[in-house]
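Structure at a glance
Here is what each chain is made of, one letter per residue.
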Amino acid sequence: MKKREEKLVAPGGVEKVLLHTCCAPCSGAIIEAMLNSGIEPVIYYCNPNIYPLEEYEIRKNECSRYARKLGLKIVDADNDHSAWLECVKGLEAEPERGARCLKCFKLRLTACAKYAAENGFTVITSTLDSSRWKSHEQIVEAGNYAASLYENITYWDYNWRKGGLTARRAEIIKENDFYNQRYCGCEFSIGHLKDSKPLIRKAVKERVAAMSETDKQTEADVLFSYLENSELVRNSKKILLYHPMADEIDVMKAVRKWAETKEIYLPAIEGDDIVIRQYKSEQDLKIGKYGILEPVGAVLDNPEEIDLVIVPGRAFDIRGYRLGRGKGYYDRLLPKMRAIKIGVCFDCQYIFRVPAEEHDIPMDYVVCRKLIEK
Ligand code: SF4
């Protein structure tokens, strides 16, 4: 352990602090500085934001390893990721340092303040503030908010990036060979990682599966009314929709109604590709690959004839990029089309980032309930 010149003094001069800890790399230098100043931190591990569970366990185990090494107490708080998701609902498309992060900090630091109040601590602080990727102002706001909810609790607002702590942080990571995570924590903070597609698919799939049929129908109805009244639909003669799978927005109301006045087409799978066939009626559909109903009529030879295409996806991001199911059918079809592309999804499928490469074609529009009602 290195001796640091600056001596820390906690609010009220207390010698015991409840330290909300996000991970071992962020906590190393702070813990060392506290110990060098005669302050005993009790580690409070409360990070239900971390996804998936395997990642949560790895980060927690690293904190436990470090606590054991230093002989410090670690409190293992609840890990209720569903409650965390509920707390940040509607903010999936926020960037890091945005409104979702403030809520995330408040949830974690409120749990910390509650534990402090119930267990005789008067001062709390957090290792979150050692990361240059996070907003110091947001963390302080969340800490003060959490402390204000309980009597006699103070949030120790200290800039843990100063006084050589950032350099020492890097040294301690090396010395202890800490697992160094590649993303902040939640499933909405992994879109910048090229290899995160399977994890995003899994996370979004779980969220859609947790939706009630009523909620799915409500979101589909809002979407239908919006599209029905849009100029894009009104001005299009030939529209490609899709026959929905159970976890996709149900657009069959549009298929049936618009077919009365427009040429409506649906995809059919042939080999490795989508072909486009005209929809005539429900009786004209047969079960195709993956159990999806497909029209039996003639194939539209030239996909460029389609004016508008409504595209399902696993997830869409704020730039319009789409994450499919991983088979690449639409990735091969869309470059052959000149149509206006509208991605449709449930609210929980609209997120900040999905991994995108140069050849990926973004949607012209993405539509979901929260965007319509904004
Ligand atoms: S990006 Fe990080 S701080 Fe923001 S909500 Fe996700 S886990 Fe929380």
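Note that this is a predicted model, so its numbers are computed, not measured.

A separate point is the overall build of the protein. Regarding its fold elements, the protein presents twelve helices and 16 strands. When its C-alpha atoms are laid out on the principal axes, the protein stretches across 80 × 40 × 30 Å.

Omega for the peptide link from Y51 to P52 comes to -5°, which places this bond in the cis form. In this fold, P52 is placed in the loop between β2 (40–45) and α2 (53–70). With a phi close to 60°, N152 is a non-glycine residue in the positive phi region. Mapped onto the secondary structure, N152 falls in the loop between α5 (136–148) and β5 (154–155). Phi angles above zero are rare outside glycine, and D177 is one such case at about 50°. Looking at where D177 falls in the secondary structure, it is placed in the loop between α6 (165–176) and α7 (197–209).

Once that is clear, we can look at the domain arrangement of the protein. Its domain assignment divides the protein into domain 1 (11–189) and domain 2 (213–372). The centre of domain 1, based on its C-alpha atoms, is set 43 Å off from the matching centre of domain 2. With six residues of domain 1 at the interface, the matching set in domain 2 holds seven residues.

All right, on to the pairing of strand β1 (residues 16–21) then. Within β1, five of the six residues are buried, leaving the element largely enclosed by the surrounding structure. Where β1 lies against β2, six bridges are found, and the strand directions are parallel. Considered in β2, the bridge of H20 is made with Y44. Crossover handedness for the path β1 to helix α1 (residues 24–36) to β2: right-handed. As paired elements, β1 and strand β4 (residues 123–126) share three bridges and run parallel to each other.

Reading the values: the criteria
- Numbering of residues starts from 1 in each chain and follows the order in which that chain's sequence is written.
- Only residues with pLDDT of at least 70 are given local features in this predicted model, and only at 80 or more are side-chain atom pairs given and counted; all residues enter the totals for whole chains, interfaces and linings.
- A run of H or I in DSSP becomes a helix once it reaches four residues, and a run of E becomes a strand once it reaches two; helices and strands are each numbered from the N terminus.
- For every domain, the bounds stem from an assignment made automatically or drawn from a database.
- In this description, any two residues whose backbone-derived C-beta atoms lie within 7 Å of each other are considered to be in contact.
- The burial label depends on the number of other C-beta atoms within 10 Å of a residue's C-beta. Counts of 20 or more mean buried, 12 or fewer mean exposed, and intermediate counts mean partly exposed, with C-beta atoms placed from the backbone.
- Whether two strands pair comes down to DSSP finding at least two bridges between them.
- Crossovers are marked right-handed if the path from the first strand over the helix to the second runs clockwise, as seen with the strands pointing away from the viewer.

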